[in-house]
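Summary of the model geometry
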Amino acid sequence: MAGTEFGHAIGLPRALSGLPLSPLVGGYGELLAAQQTMGLRHLGELLVPSGGRLRVLDGVFAVTGTGRRRHVGAGVLRSLRPGRPEPGAARLLERLAAIQEADPAALRRILLYQLTHLLQDHPGGRLPATAAGFGVDPAEAAALVHAAARRARLDEGQRAAAESLLDDVLEHRIRSAARRAALLPPAGEDRALAALLAGLAARVTAADAELAVARRAEEQGDPERACVHYEEAAALAGDCPRAVRGLVRTYRPDPGDPGPMVPALVPGGVELRWPAGDFGDTRWRVVRLTRGEPAGAPLAEVAGRPVGGVLVDRGAGIGEEVRHVALPLRADGAVDGPPLIAAPLSVAPAVTEAAAADGNGWIGASWTAPSGAVHCEVTLTGPQGPAPVPPAVRAGLRETLRVEGLAPGRYELAVRARYAPAGRAGRGALSAAVTVPVTVHAWPEPVLTLTARARGAGGVEFGLTGGDGAGVRLVEWPGGAPAERAELTAAELPPPLEWAGPGWARPGGSGPGGSGQVCVGHPPPGSLTSVCAVSVLGARALAGPCVLVEAPLPVTGLALRRTAPGLVEVGFDWPGTAGTVTAVVTQDGRRTEFAVARSVFLREGLRLPVTPAALSVEAHAAPRSARSVLASAGGDARAGLPADVAIAYELVPGARRGLRRGPAVLRVTVRAPGGAPGPDLPGFVLVARGDGGRNPRRPGGPSGGTAVCRVTGAELAAAAAGTGTGTGTVERPIDTAVAPGRPYALRGFLLGGAAASVRLEEPPLLSLVVR
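To start, this report covers the structure provided alongside it. Note that the coordinates shown come from a computational prediction; the quantities given were computed from them, not determined experimentally.

Turning to the layout of surface pockets, a few remarks are in order. Any empty space left between the atoms is revealed when a probe the size of a water molecule rolls over them. Of the pockets and cavities examined, the largest pocket occupies roughly 490 Å³. Taken together, 24 residues form the lining of the largest pocket, with Arg-283, Trp-284, Gly-304, Arg-305 and Pro-306 sitting closest to its centre. Of the residues forming the lining of the largest pocket, the biggest block, four residues, is contributed by strand β6 (residues 283–290). Classifying every residue of the lining of the largest pocket gives eleven nonpolar, six polar and seven charged. One number sums up the size of the second largest pocket: a volume of about 400 Å³. Around the second largest pocket, the lining is made up of 17 residues, and of these Gly-662, Pro-663, Ala-664, Arg-742 and Val-770 lie nearest the centre. Residue composition of the lining of the second largest pocket, grouped by class: ten nonpolar, four polar and three charged.

Below is the structure:
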């Protein structure tokens, strides 16, 4: 039926006889993105007012009422701009006006292309009402639906190829355009597309012919002729990988040609720097070639344009070896002239923040590995050549390394990052080496042992082994001592102990210089010092072992007093801050130690159990640590007590003579332990005192009354010695003629220098009153 087939006897002279398979508009992707941003189903919704209709079969018309329609040309499109408040609508209308001016059929093709896909994608796409729902005038809805059903359906890949085809042709990406064309169904009644595809095939054929000539010339050893034909092929197909690779192989710049591009790795990509020269407004197509990819693989183009002669390629794959080629372009986008070819470059960023430090026969290094690196390879070269290097330890991107057993000298550490690009089994790239010079300095030999032993007059002798060839200092660390063999600097050492030294020497006076050295020190009284040895060589030092040395304060003011036959009281001045004092009692050939704490001594004193025999007591401060070596100045406090000699006296009533008694008798008894009291016994005197009272007061001393009886010390000693047991008795009558009048009180006293060392035992007081 007439009018039911699209394009049958209708349309303008350039009307299509079939619906288009491609919009054939340059920049269609940008146009579509702007349309979708505005939420339009098709661009026709931008051209008619609300409630209006659209006619597209014989031109683009906006139908606003019965018999009222307006052709939509460039002028109408521009007139619609002020009335559209949507963001971007004015720019989109201006773009459509420019398209319409360049090709009056282009807007109609776009609308037909979009409406066809809307109908094909809709479940009711075969119904005229569906087309009317998209804003198509009902008079054309049936024909449009019928034509859309006949046109070949395109999948997503084919749609993408159809929409980008013209862009590739306009940019002379003929190889890419050919690949897209191969995806499309036959052009059929789309005469514009068929003409484009025919021209495209002709250019592909011409480019292939140029490539064939170039390859033959190259095989015949004529690179100059080959380069000319490769350049012609590139002019026909600017994205031809074989043409570009052929140019890289055969191009030899003439003396007047500009130099090559200079590539360099920068953070995030490869920087390409154009050679100095005036290139005017030349446009460039910059492509990236990757080693190992197939010769016919599509070229990777670098986005952007050079600014100030510099372009950064941010798409280069990490670990790949790439080469960049810049092709100059004519105004129409065709390659024009010789290329700029950069040298090959491995996209292998080097490590950063590399640092190294030395120690006692070792080097420690660290660096930050780039994020794409598989691992880092390290070489160490020293005075004797390469040195073995253990694997690095990785934490995140930071890697650390420690090489032990190195001789002093200058070394160079080189670190390279290794990359393994995806899909390149067995291949990889190494970054440029980052080198770090480091010098392993000579360190002192460690002190192996340190000993201390007390020496007379408060001294202590230190002995050591190790430290050969180094200076050895004795120090006291203000805090905790570092671990043995800890590596230090001489500047951080505490000052040497002033009392230890002044220097080391071998026993026998052989002088300093290694194991077996000794020195003598005199620690200050009352000190407790952790003495540590440090070996020093220049600015470097090694911590060594420590010993604890204590110089206790002496005990002074030692005094003894018997408080009972089996108990002696010990008194002295407590020595400074000592925590404990040890008292040593020597008696009957035995030594017994007694320790007393400061708090107990100050609260209770010190009383020690003893026998009546003579004794001596020594006292000294006990060490504050069981590990201490004592440096005592000697002369420990010492005091003695003689044997406990006792003299007892009593009054024996006189014998009765009738009704009266005779004079009373004084009986004095000496008891000395050990069998003899010795010759230095005190004398004894009995003194009477009477004051006329009923209860006379006792004499207060030898001169406090009248002496009524005396016994000499010699008499007492002879009496004790005569028995052989140390106990003897002397009896004397009391001289009553000199006694005062009754009643009177009697009391005995010891006389002489030894009186203080003899204990006097007195009888009951009532027995000493005479009435």
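Having put the structure on the table, let's press on.
Summarising the element assignment, Ser-625 is placed in the loop between β33 (615–621) and β34 (629–630). Ignoring sequence-local partners within four residues, the contact set of Ser-625 consists of Leu-548 and Glu-550.

With that out of the way, let us pick up the sheet that holds β33. Read from one edge of the open sheet, four strands run β31-β30-β33-β35, paired in antiparallel fashion. Looking at the sheet topology across the chains shown, the edges are occupied by β31 (590–597) and β35 (637–641). Adjacent strand axes in the sheet meet at a mean angle of 20 degrees when their direction is disregarded.

Quick look at helix α4 (residues 106–121) now. Taking 1.5 Å of rise per residue, 16 residues should cover 22 Å, and α4 covers 23 Å from first to last C-alpha, within 8% of that figure. Within α4, 14 of the 16 residues are buried, which leaves the element mostly enclosed by the surrounding structure.

Inspection of every chain in the model, using the stated rule, returns one cavity of 30 Å³ or more. Considered as a void within the structure, the largest cavity measures approximately 60 Å³ in volume. For the largest cavity, the full set of lining residues is Gly-526, Glu-550, Ala-551, Pro-552, Leu-553, Pro-575, Thr-577, Ala-578, Ala-621 and Arg-624. Class assignment for the residues of the lining of the largest cavity results in six nonpolar, two polar and two charged.

The next subject is the packing of aromatic side chains. Counted according to the given criterion, the structure contains seven aromatic pairs. Among the aromatic residues, those joined into a ring-pair cluster are Phe-572, Trp-574 and Phe-601. The lysine or arginine in question, Arg-69, covers the ring of Phe-61, its NZ or CZ lying 4.2 Å from the ring centre. Over the face of the ring belonging to Trp-362 we find Arg-402, whose NZ or CZ atom lies 3.7 Å from the ring centre.

A few words now on the sheet that holds strand β21 (residues 447–455). Strand order in the open sheet formed by three strands is β21-β22-β25, with antiparallel pairing between adjacent strands. At either margin of the open sheet sits one strand with a lone partner, and together these are β21 and β25 (517–521). Sheet twist, expressed as the mean angle between neighbouring strand axes with direction ignored, is 20 degrees. Here eight bridges tie β21 to strand β22 (residues 459–466), and the two strands are oriented antiparallel to one another.

It is worth spelling out the state of the cysteines at this point. What is meant by a disulfide is a covalent connection between two cysteines, made through their sulfur atoms. Under the criterion given, the structure shown has one disulfide. For Cys-532, the disulfide goes to Cys-546, at an S-S distance of 2.1 Å. The S-S bond linking Cys-532 to Cys-546 shows a torsion near 105 degrees; that makes this disulfide right-handed. Residue Cys-532 is located in strand β26 (residues 527–537), and its partner Cys-546 is located in strand β27 (residues 540–551); the two are separated by 14 residues in the primary sequence. For Cys-532, a relative accessible area of 1% corresponds to the buried category. A relative accessible area of 32% means that Cys-546 is categorised as partly exposed.

What follows is about the packing of helix α7 (residues 156–170) against helix α8 (residues 174–183). When two helices pack together, their arrangement is captured by the angle between the axes and the distance separating the axes. Interhelical geometry of α7 versus α8 gives an angle of 150 degrees and a closest axis separation of 8 Å. Compared by their axis directions, α7 and α8 come out roughly antiparallel. Where α7 crosses over α8, the two elements pack in a sense that is left-handed. Note on element contacts: α8 touches α7 through Ile-174, Ser-176, Ala-177, Arg-180, Ala-181 and Leu-183, opposite Gly-157, Gln-158, Ala-160, Ala-161, Ser-164, Leu-165, Asp-168 and Val-169. Tallied by class, the residues present in the contact of α7 with α8 amount to eight nonpolar, four polar and two charged.

Bringing the nonpolar core into the picture now. Among the nonpolar cores identified, the biggest contains 83 residues, and Leu-46, Leu-47 and Leu-96 are the most heavily contacted of them. Not counting chain neighbours up to four residues away, the residues in contact with Leu-96 comprise Leu-31, Leu-43, Leu-46, Leu-47, Leu-77 and Leu-107. Among the nonpolar cores identified, the runner-up in size contains 28 residues, and Val-668, Leu-681, Leu-686 and Val-708 belong to it.

Scanning the entire structure with this criterion turns up 39 salt bridges. Linking Arg-245 and Glu-293 is a salt bridge whose minimum nitrogen-to-oxygen distance equals 2.4 Å. In this pair, Arg-245 is assigned in helix α11 (residues 241–250) and Glu-293 in the loop between β6 and β7 (300–301), connecting sequence segments 48 residues apart. Residue classification places Arg-245 among the buried residues on the basis of a relative accessible area of 16%. Between Arg-667 and Glu-731 there is a salt bridge; the shortest N-O distance is 2.7 Å. In this pair, Arg-667 sits in strand β39 (residues 665–671) while Glu-731 sits in strand β42 (residues 727–733), placing the two residues 64 residues apart along the sequence. When its relative accessible area of 41% is taken as the criterion, Glu-731 is described as partly exposed.

The rules we used
Counting from 1, residues in each chain are numbered in the order their sequence is written. Since the coordinates come from a predicted model, pLDDT governs what is reported: local features require at least 70, and pairs of side-chain atoms require 80 or more to be given and counted, while whole-chain, interface and lining totals use all residues. Only heavy atoms go into the side-chain values, all of them from the structure, while hydrogens and water stay out. Space inside and on the surface of the protein is sampled on a 1 Å grid over the protein atoms alone, with a cavity defined as a set of points where a 1.4 Å probe fits but cannot get out and a pocket as an open set with protein on both sides within 12 Å along at least 5 of 7 lines; lining residues have an atom within 4 Å of a point. Grid points are joined across faces, edges and corners, and a volume is the space filled by probe spheres set on the points. Put simply, DSSP marks the helices as runs of H or I at least four residues long and the strands as runs of E at least two long, and each gets a number from the N terminus on. The classification used treats Ala, Val, Leu, Ile, Met, Phe, Trp, Tyr, Cys and Pro as nonpolar, Asp, Glu, Lys and Arg as charged, and all other residues, Gly among them, as polar. Should any heavy atoms of two residues lie within 4.5 Å, those residues are counted as being in contact. Following DSSP output, two strands are said to pair if at least two bridges run between them. Orientation is described by lines fitted to C-alpha atoms, with helices fitted over the stretch in contact, and by angles between N-to-C directions that extend from 0 to 180 degrees. What a helix is expected to span follows from its residue count: subtract one and scale by 1.5 Å. For every residue, the accessible area (1.4 Å probe, protein chains only) is compared with the maximum for its type, and the residue is labelled buried under 20%, exposed over 50%, or partly exposed between those bounds. Here the aromatic set is Phe, Tyr and Trp, taking the six-membered ring for Trp, and pairing holds for ring centres within 6.5 Å; pairs whose planes are under 30 degrees apart are stacked, those over 60 apart are edge-to-face, and all others are tilted. Look at NZ for Lys and CZ for Arg. If either is within 6 Å of the ring centre and within 35 degrees of the ring normal, a charge sits over the ring. Cysteine sulfur atoms are paired as a disulfide whenever they fall within 2.5 Å. To sort the angles, those under 35 degrees are grouped as roughly parallel, those over 145 as roughly antiparallel, those from 65 to 115 as roughly perpendicular, and the leftovers as oblique. Take the far helix as your reference; a near helix turned counterclockwise from it by less than a right angle gives a left-handed crossing, and one turned clockwise gives a right-handed crossing. In this description, a nonpolar core means a group of buried Ala, Val, Leu, Ile, Met, Phe, Trp, Tyr and Cys residues linked to one another through side-chain atoms lying within 4.5 Å. One speaks of a salt bridge when a side-chain nitrogen belonging to Lys or Arg is within 4 Å of a carboxyl oxygen belonging to Asp or Glu.

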